[in-house]
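Fold and contact review
The primary structure of each chain is shown beneath.
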Amino acid sequence: MKRVFGLLCSVVFIFSSPQAGQTQNLILNQSEISAALSHGPWPLPKRADPSNRMSGNAAAINLGKELFSSKKLSADSTLSCASCHRPSAGFTDGMAQAMGHTRGDRNTQALYNLKYQRWFGWDGRNDNLWAQSLRPIVRADEMALQAADLSEVLTSTEFEILYSALFDSALQLSKEQNLVNVGKLLAAYIETLTTGKTPFDRFRDALAAGNETAAATYPEAAQRGFQIFAGKGKCNFCHTGALFSNGEFHDAGVPYFVAANRVDDGRHGGIKALMQSPYTLAGPYSDDPKKTGAWKTRQLIRSHNNFGTFRVPSLRNVGRTAPYMHNGSIATLEDVVHHYSNIDLERLHADGELILQPLRLTKRESADLVSFLLSLTEVDD
């Protein structure tokens, strides 16, 4: 018979481990168990993007995958989407800042689980995945392809027949429409990039099901780390839900100067770009007649509070996406924990995150928190 977890907040349950007669403890109290349950279940339900009629289309996904790896989408045929988002590196590039035709100011973000996001990019300058996907193609510092040249690529390569089967011939469409269509094809593929279950998910599911044997396999160090994460660290204030991200924008106390006379203003600039973009959920290129989600952009107000804030990344597969922060300035998870343990409040924006305070973690507490974070990464079977 399954044991009912958490009848008393202070109860410590001892489970028999399936390994060599050892035992492990469930050291979470009822409040902490509830907090753990709030980070799932995973995976989230599948959903199509109503603004992208290619979403979920098998032929579009296959063509999007080919385009993702094609260097013909760059001006000099030297770069592809996969150049920065390498599948073998967790769809990142492992560098502090992305390198396109020139080096950028920001870290390359992983592409996993993007279909669940509400804003895209470190500054949220797009409110949908297809707009975010077309952006690197035409940016001068990334792939630098002119929209007119993209139309030629679509009609003079192996993509022509596949593209025409999904849309009209590229020659019959405007260069803007071809650009949007390629963004939607790429997005259809990127939507398929989701992470599997992690050790934490199995622990969380065991808690939900009352499965003592399964719960006993989750290390106590990771449990102690979760206690810090959901307790005095208040990490789950921003890293919420099954994605371990609230999808919004916060100041993490990381310097936003990129040169002596230049700053990265983060969300402040992102809102400006979003308001000027024709590629939003409210715009003419959305395939959704109901303009679902357009209210998000319509209600935005650019304010001083947005300055120097960046989107909270998901922590899923965080063990594979170093280096960290919007500018890649923190090399390891141990360094991330050290950053928050000793955060310099003077670096926070004037209207910064009042929730952030130096955690002053001990060596063991720091190691425990890293153990928990690593448990949010898939383990290859």
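Residues numbered from 1 in each chain as written. Predicted model: local features only at pLDDT ≥ 70, side-chain atom pairs only at ≥ 80, totals over all residues. Heavy atoms only, no water.

1. Brief notes about the overall build of the protein
Tallying secondary structure elements over the protein gives 14 helices and six strands in all. Relative to its length of 381 residues, the protein is compact, with a C-alpha radius of gyration of 22 Å against a globular reference of 21 Å. Over its C-alpha atoms, taken along the principal directions, the protein stretches across nearly 70 × 50 × 40 Å. Considering only contacts in the protein between residues 6 or more positions apart, those separated by 24 or more positions represent 69%. Carbon and sulfur atoms make up 54% of the accessible area of the protein, which amounts to about 17,700 Å² in all. Taking the average place of the 39 positive charges on the side chains of the protein and the average place of its 38 negative ones, the gap between the two points comes to 3 Å. (Helix = DSSP H or I, 4+ residues; strand = E, 2+ residues; numbered from the N terminus. Rg over C-alpha atoms; globule rule 2.2 N^0.38 Å. Contact = heavy atoms within 4.5 Å. Areas by Shrake-Rupley, 256 points an atom, 1.4 Å probe, with all protein chains shown as cover. Lys, Arg positive; Asp, Glu negative; His and termini not counted. Charge placed at Lys NZ, Arg CZ, Asp CG, Glu CD.)

2. Looking at the confidence of the model for the protein
Taken over all residues, the pLDDT of the protein has a mean of 91, while the share at 70 or more is 92%. This model gives residues 1-22 a pLDDT under 50, and the stretch forms 46 contacts once residues within four places in sequence are excluded. (pLDDT = per-residue confidence, 0-100.)

3. Observations regarding the nonpolar core
If you look at the biggest cluster of nonpolar residues, it comprises 42 residues, and the most contacted ones within it are Leu67, Phe68, Leu73, Trp130, Val182, Leu185 and Tyr279. Within the residue set of this core, elements represented by two or more residues are helix H2 (58-68), helix H3 (81-84), helix H4 (129-138), helix H5 (147-155), helix H6 (159-166) and helix H7 (175-190). Among the elements that make up this core, the one with the highest residue count is H7 (nine residues). Sequence-distant contacts of Tyr279, that is, excluding residues within four places in its chain, are made with Asp127, Asn128, Trp130, Ala131, Leu134, Glu176, Leu179, Val180 and Tyr285. Grouped together as the second largest cluster of nonpolar side chains are 33 residues, Phe203, Ile228, Phe244 and Leu333 included. (Core = buried A, V, L, I, M, F, W, Y, C linked by side-chain atoms within 4.5 Å. Buried < 20%, exposed > 50% of the residue type's maximum accessible area, 1.4 Å probe, protein only.)

4. What about the packing of H2 against H6?
Running from amino to carboxyl end, H2 crosses H6 at an angle of 145 degrees, the nearest separation of the two axes being 10 Å. Read as a crossing pair, H2 and H6 show a hand that is left-handed. Residue-level inspection shows Ala59, Ala60, Leu63, Glu66 and Leu67 of H2 in contact with H6, the latter providing Phe159, Leu162, Tyr163 and Leu166. (Axes fitted to C-alpha atoms, helices over the stretch in contact; angles between N-to-C directions. Left-handed = near helix turned anticlockwise from the far one by under 90°.)

5. Observations regarding the packing of H2 against H7
In a packed pair of helices, the relevant descriptors are the angle between the two axes and the axis-to-axis distance. Closest axis-to-axis distance for the H2/H7 pair is 7 Å, and the angle between their directions is 100 degrees. Regarding the angle of H2 to H7, the classification is roughly perpendicular. Across from Ala60, Ile61, Leu63, Gly64, Lys65, Leu67 and Phe68 in H2, the residues of H7 making contact are Val182, Leu185, Leu186, Ala188 and Tyr189. Here the residues of the contact of H2 with H7 are counted per class, giving ten nonpolar, one polar and one charged. (Parallel < 35°, antiparallel > 145°, perpendicular 65-115°, else oblique. Nonpolar A, V, L, I, M, F, W, Y, C, P; charged D, E, K, R; others polar.)

6. Topic: the side chain of Asn107
Within the element layout of this structure, Asn107 appears in the loop between H3 and H4. When neighbours within four sequence positions are excluded, Asn107 is seen to be in contact with Met95, Ala96, Gln97, Trp122, Pro323, Met325, His326, Asn327 and Gly328.

7. What about the pattern of salt bridges?
In the structure shown here, the tally under the stated rule is 16 salt bridges. When the shortest N-O distance is used, the salt bridge between Asp201 and Arg316 registers 2.9 Å. With Asp201 in helix H8 (residues 199-209) and Arg316 in the loop between strand S6 (310-311) and helix H13 (333-341), the pair connects residues that are 115 residues apart, well separated along the chain. Here Asp201 matches Arg316 in class, with each residue buried. Residues Asp368 and Arg364 are paired through a salt bridge, measuring 3.6 Å at the closest nitrogen-oxygen approach. In this pair, Asp368 and Arg364 both sit in helix H14 (residues 363-374), four residues apart, roughly one turn of the helix. Residue classification places Arg364 among the exposed residues on the basis of a relative accessible area of 53%. (Salt bridge = Lys/Arg side-chain N within 4 Å of Asp/Glu carboxyl O.)

8. Examining the environment of Lys184
Here Lys184 is to be found in helix H7. Given the relative accessible area of 2%, Lys184 is considered buried. Between the C-alpha atom of Lys184 and that of Ser133, which follows or precedes it by 51 residues, the distance is 7.6 Å. A distance of 2.6 Å separates a polar side-chain atom of Lys184 from the backbone oxygen of Tyr285. (Polar contact = N/O pair within 3.5 Å; in protein donor to acceptor, adjacent residues only side chain to side chain.)

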